[in-house]
Amino acid sequence: MKRLALILLVVLVAAACGRGSEDSTPTAAVMAAAVHQLVTVDHTFAQGPPPFTEYLVLETTDPAAGSGQPGAYPSRPLDDSERAAIEAVLEPLGPVRWIDDADDWRTDDLRPTVEGAVILGIGEPDLATDTALVPVSLWCGGLCGTWLSYRVDLVDGQWQVSGTEGPIAVS
């Protein structure tokens, strides 16, 4: 039994070391849960699967996610674990492209420059022990966008969206 416990401890430590210091919190998991909810349920096209052909994701946190107005958090690059978690929920739905500036990917009439694509922004999560608020944004045209914050809760060891909190903006 001691040998099994020692092996398990070695595996857990090795896994933790392989993730890097930026994965010391569940930030990646709460971001991924919010993005999944946004593109599969609240994508602004009523019911059905997401209509997007490609996912253009900001490679930094978006201070305007959630409200459409710059928020309290400055922008920072998404770390490798956050990017990997977001890619894991989006890649089954279509190709993912990381972008620096959303404005560079909009046409003059405010549509994404890639036909059928959507531009996604993820704000800095406000994280507590077993709950988080995650601001997100989805932009698919001048009259196709949404900004909101999801409440994401730890349920049976998994981060799950339990609803929205605060204002919701839709264009």
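Up top is the structure.
Bear in mind the structure is a predicted one, so any value in this text is a computation, not a measurement.

K.L.:
Please clarify how the overall build of the chain should be interpreted in this entry.
P.N.:
For the chain, the helix and strand inventory stands at three helices and eight strands. Overall, the chain shows an N-to-C arrangement of helices and strands of α-α-β-α-β-β-β-β-β-β-β. Every one of the 171 residues in the chain was classed for burial, and the buried ones make up 39%. A separation threshold of at least 6 residues defines the contact pool for the chain, and within that pool the share at least 24 residues apart is 58%.

K.L.:
How should I be thinking about the nonpolar core in this particular structure?
P.N.:
Within soluble globular proteins, side chains that are nonpolar tend to cluster in buried spots. One finds Tyr55, Val57, Ile86, Leu90, Leu120 and Val134 to be the most contacted residues of the largest nonpolar core, which totals 27 residues. Listed by contribution, the elements that provide at least two residues to this core are helix H2 (27-40), strand E1 (54-58), helix H3 (80-90), strand E3 (117-122), strand E5 (131-141) and strand E6 (144-155). Contacts of tyrosine 55, omitting those with residues within four sequence positions, involve Val39, Pro50, Leu90, Leu93, Gly94, Pro95, Val96, Arg97, Val118 and Leu120. Counting residues in hydrophobic clusters, the runner-up holds nine residues, among them Leu56, Ala117, Ile119 and Trp139.

K.L.:
Quick question: what am I supposed to make of unusual backbone geometry here?
P.N.:
You will see that leucine 110, though not glycine, has its phi angle at about 75 degrees, which is positive. Take leucine 110: it is sitting in the loop between strand E2 (96-99) and E3. Positive phi values are uncommon outside glycine, yet aspartate 156 reaches one of about 50 degrees. Note on placement: aspartate 156 falls in the loop between E6 and strand E7 (158-164).

K.L.:
Just checking my understanding: could you explain the pairing of E5 for this structure?
P.N.:
Note on strand geometry: in a regular strand, side chains alternate between the two faces of the sheet. In terms of burial, E5 is a largely internal element, 10 of the 11 residues being buried. Pairing between strand E4 (residues 126-127) and E5: two bridges, direction antiparallel. Bridging from a neighbouring strand, aspartate 126 pairs with leucine 133 of E5. Hairpin geometry of E4 and E5 is characterised by an intervening segment of three residues between the two adjacent antiparallel strands.

K.L.:
Would you explain the packing of H2 against H3 in this entry?
P.N.:
Helix packing for two helices is described by the angle between their axes and how far apart those axes are. For the pair H2 and H3, the least separation of the axes is 8 Å and the interaxial angle reads 30 degrees. With respect to H3, the axis of H2 lies roughly parallel. Between H2 and H3 lies a crossing of right-handed hand. Each of Thr27, Ala28, Met31, Ala32, Val35, His36 and Val39 in H2 lies in contact with H3, whose residues at this interface are Ser81, Glu82, Ala85, Ile86, Val89 and Leu90. Classifying every residue of the contact of H2 with H3 gives nine nonpolar, three polar and one charged.

K.L.:
What exactly am I supposed to notice about H3 here?
P.N.:
Since the α-helix packs 3.6 residues into each turn, any two residues three or four apart lie on the same face. Listing the buried residues of H3 in full gives Ser81, Glu82, Ala85, Ile86 and Leu90. For H3, the buried positions fall inside an angular range of 165 degrees around the axis, keeping them on one side. Turned more than 90 degrees from where H3 packs its buried face, Asp80 and Ala88 sit exposed.

Thresholds applied
- Residues numbered from 1 in each chain as written.
- Predicted model: local features only at pLDDT ≥ 70, side-chain atom pairs only at ≥ 80, totals over all residues.
- Heavy atoms only, no water.
- Helix = DSSP H or I, 4+ residues; strand = E, 2+ residues; numbered from the N terminus.
- Buried < 20%, exposed > 50% of the residue type's maximum accessible area, 1.4 Å probe, protein only.
- Contact = heavy atoms within 4.5 Å.
- Core = buried A, V, L, I, M, F, W, Y, C linked by side-chain atoms within 4.5 Å.
- Pairing = 2+ DSSP bridges.
- Axes fitted to C-alpha atoms, helices over the stretch in contact; angles between N-to-C directions.
- Parallel < 35°, antiparallel > 145°, perpendicular 65-115°, else oblique.
- Left-handed = near helix turned anticlockwise from the far one by under 90°.
- Nonpolar A, V, L, I, M, F, W, Y, C, P; charged D, E, K, R; others polar.
- Arc of directions from axis to C-beta.

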